[in-house]
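Here's the letter readout for the chains.
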Amino acid sequence: MENQVDRDNTPVQLHEVLAEEFAALGITIQPGSGTDADGLRDVYGQLHNSGKRLSALCISGGGIRSATFALGAIQGLAEAGLLRQFDYLSTVSGGGYIGSWLTAWIRRAGGIGNVIPKLTGTCDTNDDPCDDSGAHPGTMQPDPIGHLRDYNNYLTPKLGLGSADTWSMISIVLRNLLLNWLVFIPMLMLVVMAPRLLVALLQLSPPWVGTLVTPFGQPHVLALGLAAVLFVYSGYQKLLDLPSIGHVNATQAQFLVKCLGPLTLSGLLTMIGLWWGIGNFSPPPTFWGITRFMLGLTCACLGLYLLRSMVRKELPVSGSWRALHFTLAMLMGGTASGAAIYLLGRELLAAAIRDGNPTHYITFGPPLIMATMLIGDILLVGFGSRTLESEDLEWLARSSGFKLSSSLAWMILCGLTLVAPHYIFALGGYAQSALSSIGGVSGLITALAGNSARTAGKPGDERQRSLSARLMEIAARLTLPLFVVSLIIALSILLDVIIDQLDLTPYAYWQHTHLLIHTPFLPLLGITAAIALFCAVMGRFVDINKFSLHGMYRFRLIRAYLAASNPDLDNERFTGFNDSDDLRMHEFRGQRPLHVVNTALNLASGSRLDWQQRKAASFTISPYHTGSADLGYRDSSRYCGGIRLGTAMTISGAAASPNMGYHTSSMVAFTMMLFNARLGAWLGNPGEPGRKTWPFKGPRFAVAPMMSEALSRTNESGPYVYLSDGGHFENLALYEMIRRRCSPIVVLDSGCDPNYTYEDLGNALRKIRIDLKISIDFADSQLGPLIEKERRFAVAAIRYSCVDAGARDGILIYFKPMVRHTESPDVLSYSAASPTFPHETTNDQWFTEAQTESYRTLGMQTIREAAAGFPGGTLDEFAQYLSGRRGAAA
């Protein structure tokens, strides 16, 4: 028997997952062997050879709009005798609401056979009539459809400002916002504190510098000595990292730690040493003296590298001329660095000492030193052109890019924290009021824009978006920089207030520059340590999943959809919630249809270049396994402590998140994180990086995940992954059913598409063709009537035969909600009052009774109209019947 511990620590591969699912659906297949690709070929071959086909019902995203339309469509499929034939139920986002509702109902009812009569309005136990809600008149049995009508406002079922539901939701939002701020704001304050600490550190100059002696001499000597050592190490590491010279092949993280980090620290220590040593240099350093010193350090870099090469018996540069070119290039770079340091001491330092204000010295000093490094790189490229290869030039260009960006970031940070508050106070109350107003309004606009379902992280086609959506996106792009600037200045002023209240200086908080210069270093260091400790403690105790909006959203979705079929009516009398409403995913094993919940694995900073636009991958949760094809899968009975249907449904519908797959925008992620507009969840990585974390319900420490969300740095390489709305990857829930070679596949596309551009369909077909190598072809006779709104469905061929030897092509049946003016009078009445019906904005999650019934009725009529004249039979026969409708070709 396989060792259970080893098995638990090994992710399950896709072909093993499919083999287990197929076996659960009655097709016995042996898992393949070898790599996952080989195993998949074996599994697909066995599936095709069995002669059996697995059908699927896919319900798209679209919030409660999609859920309500799909409710009617499900009733229509039940009437046509087709619902019980589906093997898979694949849902995403809002489709997951109604799919989870149906899944829970089937389990509690003892099978789909006991559900269908209630869906169609006939009783399953006797001949007593039932209405179309499925309720038995005069009984106390659950009324799952009627329950949905009660909770069409699932977030706040009881309307009005006097409603406990409304105030409970407001209370939760404010509570969670405050708790997240207790982690996030201290993190930002630590960033704002960095320039202040440097100012205070410089003020440790006379009298103590003149008298204190370390084992290495006076403090300024020690600082400059450490700066020299770090400079030599950074230069040596650069030689190792150059592709054609050092052959180390370092990663980006290694470059930041071993090359850029030491170089940056060297620059800061140089500034400190020069400031502390002013007046203590005898004789004062001259231009040629500093230049010779830097040349010496450059020679030390070369010497270390040559010594390493000789020890390893490697000759990094062949030929005497190439060696000469390279050495000259390095020496010229050292000369430029020496000249810049001299200018730094002569101009910036002298001016700062004269004015008694080091803020400009701190703001522009490090970028100036970094600029000299850039000049050195340019000279290295120029003089070493006969020595360096093309890959070296690319390495130096990327290295220079990091130096430029870090210099710019430092100047902006120092300018906002050290300089800007002085002018805010100098301009008086109007400037302070303007700062508050600009910060509040811009933050609100950015948060609303980021939360908008119509605001994507990519420009998209302007013609496909409404004027309001385009204006909202433009507003977000314009207001975010204003908000970030206002926030940093406000945090700097807050630190002034804290220092003032602690009486650390004789100056008031509005005397910003004086307070800044005269704040003692050690008390300021103590404040920094206290903030860091507070952030760490709160990060440990504030659960990043529970105190986002995910928890609030999850409870209300469970109450609206999973509680609908729960016979246990013993709700908590004060809150109205019931723990037994939710069910664990593994409890649905053996049930048909097999429910696959689709979510998005966010890869905003993932390693795959071909995914840098989609920024996400498919991540599925089923009764058997949870995970993705790229990372691997884990047993759903143990993943996340036994992941629940309510959790899967909620993550799949997490439309508003700082990281949103191909909608991710770094412009709005930071603001959404700050305002806690987060419905997604952090769960354990099912792959090897999550070897120890995949059974946990979430991160034990919130700081790192928060920073990843705020900076759009989510990826697949950490112990936890960030999951959000499946529509952030693919909004039809079709991708995974093609992966399972299903046919026929029925797709209910209720995405918001008022202009009928079929964006979700196009996105799904494109990704399926790219990733799975399978094309889905609509004949003109099928696509034409759909586009012209002559009918609400189309049939397409799924070209499985292109990738699997001996496979039969599959069939896709695609349904799209639309008004054709053949609907019942109540639906037409609602449509006249709401011109965007049936594509009202997904932001509207508070449905009225008329809205709910109109979408449900439209869904039912869509299926009834398609099935009109169908004599009954299998799903394959239904697909053939639709293919032949109105003379359309198969």
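The structure displayed is predicted, hence computed values, not measured ones.

Participant: What's the story with the overall build of the protein in this structure? I'm lost.
Facilitator: When its secondary structure is counted, the protein shows 29 helices and 12 strands. The buried share of the protein, taken over its 890 residues, is 56%. Long-range pairs, those at least 24 residues apart, make up 75% of the contacts in the protein between residues at least 6 apart in sequence. A total accessible area of about 37,200 Å² is found for the protein, and carbon and sulfur atoms account for 62% of it.

Participant: Teacher, can you tell me more about the pairing of strand β1 (residues 56–59) here?
Facilitator: Consecutive residues of a regular strand have side chains that alternate between opposite faces of the sheet. A two-sided burial pattern is seen for β1, the buried positions comprising Ala56 and Cys58 on one face and Leu57 and Ile59 on the other. Here β1 runs beside strand β2 (residues 88–92); their pairing, made up of four bridges, is parallel. Bridge pairing in β2 links Ala56 to Tyr88. Between the parallel elements β1 and β2, the chain passes through helix α4 (residues 63–79) in a crossover that is right-handed. In the sheet, β1 pairs with strand β9 (residues 745–748) via four bridges, with the strands oriented parallel.

Participant: Looking at this model, I keep getting lost on a nonpolar patch on the surface. Mind explaining?
Facilitator: Taken together, the side chains of Leu161, Trp167, Ile170 and Leu174 present a nonpolar region at the surface, about 440 Å² in accessible area. A relative accessible area of 67% places Leu161 in the exposed class.

Participant: I would appreciate a short explanation of the nonpolar core in the present structure.
Facilitator: Across soluble globular proteins, nonpolar side chains have a tendency to be buried as a group. With 94 residues, the main nonpolar core has Leu57, Leu83, Ile98, Trp101, Leu119, Tyr561 and Phe815 as its most contacted residues. Top element by residues in this core is α4. It accounts for nine residues. Residues within four places of Leu83 in sequence aside, it is in contact with Leu57, Ile74, Leu77, Ala78, Ile112, Ile116 and Leu119. In this structure, Val192, Ile369, Trp682 and Tyr720 belong to the second largest nonpolar core, which totals 61 residues.

Participant: Could you clarify how one ought to interpret the packing of aromatic side chains in this entry?
Facilitator: The description of two aromatic rings rests on the distance between their centres and on the angle between their planes. Under the defined criterion, the tally for this structure stands at 19 aromatic pairs. The interplanar angle of 80 degrees and the centroid separation of 5.1 Å between the aromatic rings of Tyr509 and Trp510 together place this pair among those described as edge-to-face. Taking the relative accessible area as the measure of exposure, Tyr509 reaches 28% and is therefore partly exposed. On the basis of relative accessibility, which here comes to 51%, the residue Trp510 falls in the exposed class. Between Tyr758 and Tyr814, the aromatic rings sit 6.3 Å apart at their centres with planes inclined by 55 degrees, giving tilted as the arrangement. Here Tyr758, found in the loop between β9 and α25 (759–772), pairs with Tyr814, found in strand β12 (residues 810–815); they are 56 residues apart in sequence, far enough to count as distant. It is Arg700 that lies over the ring of Phe696; its NZ or CZ is 4.1 Å from the centre.

Participant: So what exactly am I meant to see when it comes to the pattern of salt bridges here?
Facilitator: Note on pairing: side chains with opposite charge can pair once their charged atoms come close. Here the structure, examined in full by the defined rule, presents 22 salt bridges. Notably, a salt bridge pairs Glu21 with Arg740, separated by 2.8 Å at the nearest N-O pair. Highlighted residues: Glu21 in helix α2 (residues 14–24) and Arg740 in the loop between α24 (735–739) and β9, separated in sequence by 719 residues. For the pair shown, Glu21 and Arg740 are each scored as buried. Residues joined in a network through salt bridges with shared partners are Glu21, Glu736, Arg739 and Arg740.

Participant: Any chance you could explain the packing of helix α5 (residues 94–109) against helix α20 (residues 550–562) here in plain terms?
Facilitator: If you want to describe how two helices pack, look at the angle between their axes and the distance between the axes. Two elements in contact, α5 and α20, have axes separated by 9 Å at closest approach and are oriented at 55 degrees. Of the possible angle classes, the one that applies to α5 and α20 is oblique. Two packed elements cross with a definite hand, and for α5 against α20 that hand is right-handed. Along the contact surface, α5 presents Tyr97, Ile98, Ser100, Trp101, Ala104 and Arg108, while α20 presents Tyr553, Leu557, Tyr561 and Leu562. For the contact of α5 with α20, the residue count by class is eight nonpolar, one polar and one charged.

Participant: What is the right way to look at α2 in this model?
Facilitator: Each α-helix winds once per 3.6 residues, and so residues spaced three or four apart point in a common direction. Of all the residues in α2, the buried ones are Leu14, His15, Val17, Leu18, Ala19, Glu21 and Phe22. In this structure, the buried residues of α2 make contact with α3 (36–50), β2, β3 (594–602), β5 (625–628), β6 (632–635) and α24.

Participant: What should I look at first to understand the packing of helix α8 (residues 164–202) against α20 in this one?
Facilitator: Packing of α8 against α20 brings their axes to within 11 Å, and their N-to-C directions diverge by 150 degrees. With respect to α20, the axis of α8 lies roughly antiparallel. Between α8, through Asp165, Ser168, Met169 and Ile172, and α20, the contact on the second element is made entirely by Met552, Arg556 and Arg559. Among the residues forming the contact of α8 with α20, the class breakdown is three nonpolar, one polar and three charged.

Participant: Explain empty space enclosed by the protein to me, please; I cannot follow it from the model alone.
Facilitator: The method is simple in principle: a probe with the dimensions of a water molecule rolls over the atoms, and the space it marks as empty is what remains. Overall, the coordinates contain three cavities of 30 Å³ or more when judged by the stated rule. Considered as a void within the structure, the second largest cavity measures approximately 100 Å³ in volume. Secondary structure elements with two or more residues in the lining of the second largest cavity: α4, α7 (144–150) and α28 (849–867). Examining the composition of the lining of the second largest cavity, we find that four residues originate from one element, α4, more than from any other. Here the residues of the lining of the second largest cavity are counted per class, giving seven nonpolar, three polar and two charged.

Participant: Before we go on, may I ask you to explain the confidence of the model for the protein in this structure?
Facilitator: Regions with low pLDDT should not have their predicted coordinates read in detail. Per-chain confidence: the protein averages 82 in pLDDT, with 81% of residues scoring 70 or above. Scored below 50 in pLDDT, residues 1–6 makes one contact in the model with residues more than four places away or belonging to other chains. When the criterion is pLDDT under 50, residues 124–139 qualifies, and its contacts beyond four places in sequence or with other chains add up to 33 contacts.

Participant: Help me out: how do you make sense of unusual backbone geometry in this one?
Facilitator: Excluding glycine, residues mostly have negative phi values, and the peptide bonds linking residues are mostly trans. A cis geometry characterises the amide bond from Arg592 onward to Pro593, with omega recorded as -5 degrees. Inspection of the secondary structure puts Pro593 in the loop between α20 and β3. Backbone geometry at Tyr756 places phi at a positive 50 degrees, although glycine is not the residue there. On the secondary structure map, Tyr756 appears in the loop between β9 and α25. We note that Lys789 has phi near 60 degrees; this positive angle belongs to a residue other than glycine. Tracing the chain through its elements places Lys789 in the loop between α26 (780–787) and β11 (793–798).

Participant: Quick question: what am I supposed to make of the state of the cysteines here?
Facilitator: Note on terminology: a disulfide is the covalent bond linking the sulfur atoms of two cysteines. Across all of its chains, the model carries zero disulfides by this definition. Free cysteine Cys742: the closest other cysteine sulfur is in Cys58, separated by 7.6 Å. Using a relative accessible area of 0% as the deciding quantity, one classes Cys742 as buried.

Participant: Just to check I follow, could you spell out the environment of Ala794 for this structure?
Facilitator: With respect to the helices and strands, the residue Ala794 is situated in strand β11. Residues Ala794 and Tyr814, 20 residues apart in the sequence, show an inter-C-alpha distance of 5.3 Å. What Ala794 contacts, discounting residues up to four positions off in sequence, is Phe778, Gln782, Leu786, Leu812, Ile813 and Tyr814.

Participant: Quick question: what am I supposed to make of helix α19 (residues 521–541) here?
Facilitator: Relative to the 30 Å expected for 21 residues at 1.5 Å per residue, α19 spans 30 Å between its end C-alpha atoms, a close match to the ideal helical length. Regarding α19, the residues found buried are Phe521, Leu524, Ile527, Thr528, Ile531, Cys535, Met538 and Gly539. One side of α19 carries all its buried residues, which in axial view fall inside an arc of 130 degrees. Set apart from the buried face of α19 by more than 90 degrees, the exposed residues are Leu522, Leu533 and Phe541.

Participant: Can you help me understand the environment of Tyr236 in this one?
Facilitator: Along the chain, Tyr236 turns up in helix α10 (residues 219–241). Tyr236 sits in the buried class, given a relative accessible area of 17%. Through-space distance from the C-alpha of Tyr236 to that of Cys301 is 4.9 Å; in sequence the pair is 65 residues apart. Aside from chain neighbours lying at most four places away, what touches Tyr236 is Cys301, Leu304, Tyr305 and Arg308.

Procedures and definitions
Residues numbered from 1 in each chain as written. Predicted model: local features only at pLDDT ≥ 70, side-chain atom pairs only at ≥ 80, totals over all residues. Heavy atoms only, no water. Helix = DSSP H or I, 4+ residues; strand = E, 2+ residues; numbered from the N terminus. Buried < 20%, exposed > 50% of the residue type's maximum accessible area, 1.4 Å probe, protein only. Contact = heavy atoms within 4.5 Å. Areas by Shrake-Rupley, 256 points an atom, 1.4 Å probe, with all protein chains shown as cover. Pairing = 2+ DSSP bridges. Right-handed = clockwise from strand over helix to strand, strands pointing away. Patch = residues over 30% accessible without salt bridge, like charges linked within 9 Å, V, L, I, M, F, W, Y side chains within 5 Å. Salt bridge = Lys/Arg side-chain N within 4 Å of Asp/Glu carboxyl O. Core = buried A, V, L, I, M, F, W, Y, C linked by side-chain atoms within 4.5 Å. Phe/Tyr/Trp six-rings, centres within 6.5 Å; stacked < 30°, edge-to-face > 60°. Lys NZ or Arg CZ within 6 Å of the ring centre and 35° of its normal. Axes fitted to C-alpha atoms, helices over the stretch in contact; angles between N-to-C directions. Parallel < 35°, antiparallel > 145°, perpendicular 65-115°, else oblique. Left-handed = near helix turned anticlockwise from the far one by under 90°. Nonpolar A, V, L, I, M, F, W, Y, C, P; charged D, E, K, R; others polar. 1 Å grid on protein atoms, 1.4 Å probe; cavity = no way out; pocket = protein on both sides within 12 Å on 5 of 7 lines; lining within 4 Å. Points joined across faces, edges and corners; volume = space filled by probe spheres on them. pLDDT = per-residue confidence, 0-100. Disulfide = S-S within 2.5 Å. Expected span 1.5 Å × (residues − 1). Arc of directions from axis to C-beta.

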